[in-house]
Amino acid sequence: MKFAKGYDDSAAYRKFIACRMISWAWKPFAKLSNAELYAIMKARQEVFIIEQQCLYTDLDNADQNSWHLLGTELDGDLVAYLRVLIPTEQRPEPAIGRVLIVSTRRGRGLGRTLLAEGMQRTQEQFPGQDILLSAQHHLEPLYQDLGFYRVSSPYLEDGIPHVDMRWSA
């Protein structure tokens, strides 16, 4: 049975629909509402500190100089998020970080959709510039599928293996 072009089973169709029902907001820190900022901090704490059991200071003073991509469902719940650090003299390229999908929405292709949306917004905001990111090592194939390539050996960050990656404009 065909559900939509390119989707030949109900599981694939559910993934397709789940990603299409997300509303995306792209904002600098100063434009985030209190409710949006609270939802971001809550999701980051749940994913990075509680789930991944990493005790680190998430509030790193980088949010104020970043763009934030929020993916919300129709009910307004934040389900996907990433931030993009603006270029600096020390790092002249934008850098994607704090990429997350809330646990109840994983396995539906939303991570790939979030990254593709984030890359598009980053390219529009910073045209012609490469994009950097520090990827958890086990997610390297996902980033490679999106055109990133590894530029470092694996290293530990907060006890989790990571690799630095670059996407060339």
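What counts and what doesn't
For every chain, the first residue of its written sequence is number 1, and the numbers climb from 1 along that sequence. Local features are withheld for residues below a pLDDT of 70 in this predicted model, meaning they are given only at 70 or higher, and side-chain atom pairs are given and counted only at 80 or more; totals for whole chains, interfaces and linings count all residues. With hydrogens and water excluded, all non-hydrogen atoms of the structure serve as input to the side-chain values. Helix numbering and strand numbering both begin at the N terminus, where a helix is a DSSP run of H or I of at least 4 residues and a strand a DSSP run of E of at least 2. For every residue, the accessible area (1.4 Å probe, protein chains only) is compared with the maximum for its type, and the residue is labelled buried under 20%, exposed over 50%, or partly exposed between those bounds. Here a residue-residue contact requires only that any non-hydrogen atoms of the pair lie within 4.5 Å. Take the number of residues in a helix, subtract one, and multiply by 1.5 Å to get its expected span. Between the rings of Phe, Tyr and Trp (Trp by its six-membered ring), a pair exists once the centres lie within 6.5 Å; its type follows the angle of the planes, with under 30 degrees stacked, over 60 edge-to-face, and the other angles tilted. What makes two strands pair is DSSP finding at least two bridges between them. In these notes, a set of buried Ala, Val, Leu, Ile, Met, Phe, Trp, Tyr and Cys residues joined through side-chain atoms within 4.5 Å is what counts as a nonpolar core.

Peer 1: Is there a simple way to think about the environment of Arg44 in this case?
Peer 2: Tracing the backbone through its elements, the reader meets Arg44 in helix α2 (residues 34-51). Here Arg44 falls in the buried class, since its relative accessible area comes to 0%. Here Arg44 is in contact with Ile49, Asp58, Asp63, Tyr81, Arg83, Arg98 and Leu100, once residues within four sequence places are set aside.

Peer 1: How should helix α3 (residues 110-125) be read in this particular structure?
Peer 2: Side chains that are three or four residues apart share a direction in an α-helix, a result of its 3.6 residues per turn. An ideal rise of 1.5 Å per residue puts 22 Å on 16 residues; α3 measures up with 22 Å between its terminal C-alpha atoms. All of the buried residues along α3 are Leu110, Leu114, Leu115, Glu117, Gly118, Met119, Arg121 and Thr122.

Peer 1: Could you clarify how one ought to interpret the packing of aromatic side chains in this entry?
Peer 2: Pairs of aromatic rings are described using the distance from one ring centre to the other and the angle between the two planes. Within this structure, the stated rule accounts for two aromatic pairs. Residues Tyr143 and Phe148 carry aromatic rings whose centres are separated by 5.9 Å and whose planes lie at 85 degrees to one another, so their mutual orientation is edge-to-face. The same class applies to Tyr143 and to Phe148, which are both buried.

Peer 1: Sorry, what's going on with the pairing of strand β8 (residues 160-167) here?
Peer 2: Put simply, side chains in a regular strand alternate between the two faces of the sheet. The buried fraction of β8 amounts to six of the eight residues, a majority that puts the element mostly inside the structure. Pairing analysis gives six bridges linking strand β5 (residues 131-136) to β8, with the strands arranged antiparallel. Bridging across to β8, Leu133 finds its partner in Met165. Here two bridges tie strand β6 (residues 149-150) to β8, and the two strands are oriented antiparallel to one another. By the bridge assignment, Tyr149 is partnered in β8 with Arg166. Bridge analysis of strand β7 (residues 155-157) against β8 gives three bridges, and the strand direction is antiparallel. Within the sheet, the bridge partner assigned to Leu156 lies in β8 and is Pro161. A loop of two residues connects β7 with β8, the two strands running antiparallel in sequence, and Asp158 in this loop sits at a positive phi of about 55 degrees.

Peer 1: Would you take a moment to explain the nonpolar core for this structure?
Peer 2: Soluble globular proteins tend to pack their nonpolar side chains together in the buried interior. The biggest cluster of nonpolar side chains holds 38 residues, and the ones touching the most others in it are Ile96 and Phe148. Where this core is concerned, the elements lending two or more residues are β1 (23-28), α2, β2 (66-72), β3 (78-85), β4 (95-101), α3, β5 and β8. Ranked by the residues each element gives to this core, the list is headed by β3, at six residues. With sequence-adjacent residues up to four places away left out, Ile96 is seen in contact with Leu82, Arg83, Val84, Met119, Thr122, Ile131, Leu132, Leu133, Ser134 and Phe148.

Peer 1: I keep staring at unusual backbone geometry and nothing clicks. Help me out?
Peer 2: Backbone phi values are negative for most residues with the exception of glycine, while trans is the configuration of most peptide bonds. Within the chain, Gln53 stands out as a residue other than glycine whose phi angle is a positive 50 degrees. Although it is not a glycine, Asp158 adopts a positive phi angle of roughly 55 degrees. Accessibility expressed as a relative area gives 42% for Asp158, which makes it partly exposed.

Peer 1: Would you mind going over the side chain of Asp58 with me for this structure?
Peer 2: Within the secondary structure, Asp58 is located in the loop between α2 and β2. The contacts of Asp58, once residues within four sequence positions are left out, are Met41, Arg44, Ile49 and Arg98.

Peer 1: Sorry if this is basic, but what is going on with the environment of Tyr143 here?
Peer 2: On the secondary structure map, Tyr143 appears in helix α4 (residues 140-145). Judged by relative accessible area, Tyr143 falls into the buried class, the value being 5%. Sequence separation between Tyr143 and Arg166 is 23 residues; the distance between their C-alpha atoms is 9.4 Å.

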